Amino acid sequence: MRAYPRERFSSEVQLTPTMVAAYAHAAGDTNPVHHDRAFAASTRYGRLIASGTHTTALLLGLTASHFSQQGAMVGLEFWVRFRRPIYADETIRLEWLVVKVTPNEKLRGEIVELRGRIKGQDGQTAVGAKGRVLVTARL
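Fair warning: this is a prediction, and the values are worked out from it, not measured in the lab.

Parameters at a glance
Residues numbered from 1 in each chain as written. Predicted model: local features only at pLDDT ≥ 70, side-chain atom pairs only at ≥ 80, totals over all residues. Heavy atoms only, no water. Pairing = 2+ DSSP bridges. Helix = DSSP H or I, 4+ residues; strand = E, 2+ residues; numbered from the N terminus. Axes fitted to C-alpha atoms, helices over the stretch in contact; angles between N-to-C directions. Contact = heavy atoms within 4.5 Å. Patch = residues over 30% accessible without salt bridge, like charges linked within 9 Å, V, L, I, M, F, W, Y side chains within 5 Å. Areas by Shrake-Rupley, 256 points an atom, 1.4 Å probe, with all protein chains shown as cover. Salt bridge = Lys/Arg side-chain N within 4 Å of Asp/Glu carboxyl O. Buried < 20%, exposed > 50% of the residue type's maximum accessible area, 1.4 Å probe, protein only. Core = buried A, V, L, I, M, F, W, Y, C linked by side-chain atoms within 4.5 Å.

## Here we look at the sheet that holds strand β1 (residues 8-14)
Sheet architecture is open: 5 strands sit in the order β1-β3-β4-β5-β2, paired in antiparallel fashion. Bordering the open sheet on either side are β1 and β2 (72-82), each of which pairs with just one other strand. Looking at each pair of strands side by side, their axes are set apart by 20° on average, direction ignored. Two elements, β1 and strand β3 (residues 91-104), share 7 bridges in a ladder whose sense is antiparallel. Opposite Q14, over in β3, you have T91 as the bridge partner. In the packing of helix α3 (residues 52-67) onto the sheet, contacts are made with β1, β2, β3, β4 (109-119) and β5 (125-136), and the angle to β2 comes to roughly 150°.

Laid out in structure tokens, this is it:
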């Protein structure tokens with residue numbers, strides 16, 4: 001077995017305004033709240049925030065990095081809920097918990113159900129997530 005229930009894995013990421021602006025532009029997100037300090041200061045957030053695509057990509061990327069150390073992984077589905085902004089200068093914590101592992105002969109692997117979150121620097125959950133991935137010996 002390559003995954004097991006109650007398995008936890010996590011990482012920390014230090015965001016910077018430069019990184020946040022570059023990702024937003026690369027993703028085609030030209031919302032000025034991600035790169036224009038003066039504009040961001042006039043919003044409800046008061047300063048630059050990371051795009052949801054950026055933070056979600058970091059969280060999903062952690063699943064691929066974790067499970068590919070032992071074999072291969074294919075994302076099947078993910079669901080996210082944005083609960084509060086993540087600021088462009090925060091250190092965030094990405095966390096996943098394996099909830100259930102189900103062998104799947106047809107796909108020659110295991111379907112792994114996950115619950116995840118991104119915690120902001122203040123320890124509060126900023127993004128909640130659920131996911132299902134296929135963990136297998138090879139693609």
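There's more to say after this.
## A short note on a nonpolar patch on the surface
On the surface, V74, L76 and L139 cluster together to form a nonpolar patch covering roughly 280 Å² of accessible area. In this structure, V74 sits in strand β2. Since its relative accessible area comes to 31%, V74 is described here as partly exposed.

## Some words on the nonpolar core
F67, I86, V112 and L114 are the most contacted members of the largest nonpolar core, which has 30 residues in total. Those elements that provide at least two residues to this core are β1, α3, β3, β4 and β5. Contacts of L114, omitting those with residues within four sequence positions, involve F9, T63, F67, W96, L97, V98, V99, A129, K130, G131 and V133.

## Points about the pairing of β4
Both β3 and β4 contribute to a ladder of 11 bridges, which runs antiparallel. Paired with E95 across the bridge in β4 is R117. What sits between the antiparallel neighbours β3 and β4 is a turn of 4 residues, in which R108 has the positive phi angle 55°. Pairing of β4 with β5 involves 11 bridges; the strand directions are antiparallel. Paired with G116 across the bridge in β5 is A129. From the end of β4 to the start of β5, which pair antiparallel, there are 5 residues, and G123 there has a positive phi angle of about 85°.

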